[in-house]
Amino acid sequence: HFAKGENPGVAMATYSLANERLRALEDIEREIGAILQNAAAFTASVQHVEAELSAQIRYLTQVATGQPHEGSSYSSRKDCQMALKRVDYARLKLSEVARTCEQMLEN
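Residues numbered from 1 in each chain as written. Predicted model: local features only at pLDDT ≥ 70, side-chain atom pairs only at ≥ 80, totals over all residues. Heavy atoms only, no water.

> Please give an account of the overall build of the protein that cites residues and values.
When helices and strands are counted, the protein shows 2 helices and 0 strands. Within the span of the protein, comprising 107 residues, buried residues form 7% of the whole. Carbon and sulfur atoms form 58% of the exposed surface of the protein, whose accessible area is close to 9000 Å². (Helix = DSSP H or I, 4+ residues; strand = E, 2+ residues; numbered from the N terminus. Buried < 20%, exposed > 50% of the residue type's maximum accessible area, 1.4 Å probe, protein only. Areas by Shrake-Rupley, 256 points an atom, 1.4 Å probe, with all protein chains shown as cover.)

Printed below as a string of structure tokens:
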């Protein structure tokens with residue numbers, strides 16, 4: 001029943017608009033779920049990359065310090081130092097991206 005003077009068309013339009021809003025909220029909720037899944041996968045990937053980088057750093061450090069002296073090793077030492085710097089830089093950038101993702105998820 002409609003109240004005196006109430007237009008059934010207006011009530012139906014209001015109901016339809018409310019349904020649209022609910023559907024939009026459901027879509028947003030699904031999107032948030034996908035974001036969280038992607039963030040978890042990203043975090044796992046970052047951890048894997050960091051672990052691999054650490055293993056490479058350990059290996060490069062052993063190779064650079066454990067080689068017997070065969071003439072000048074300046075070039076190979078310099079290459080190793082540059083590789084270690086690149087690895088450190090990559091690790092720094094990955095942790096910045098991870099922090100940004102964590103901040104986005106907190107908001």
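> A description of the pattern of salt bridges should follow, citing residues and the corresponding values.
Taken as a whole, this structure holds 2 salt bridges when the rule is applied. Linking Asp27 and Arg30 is a salt bridge whose minimum nitrogen-to-oxygen distance equals 2.3 Å. Of this pair, Asp27 and Arg30 both sit in helix H1 (residues 8–66), 3 residues apart, which is roughly one turn of that helix. On the basis of relative accessible area, Asp27 is assigned to the partly exposed category, the value being 41%. Residue class for Arg30 comes out exposed when judged on its relative accessible area of 53%. With a closest N to O distance of 3.2 Å, Lys93 and Glu96 form a salt bridge. Note that Lys93 and Glu96 are positioned in helix H2 (residues 74–106) at a spacing of 3 residues, about one turn of the helix. Exposure remark for Lys93: the relative accessible area of 33% places this residue in the partly exposed category. (Salt bridge = Lys/Arg side-chain N within 4 Å of Asp/Glu carboxyl O.)

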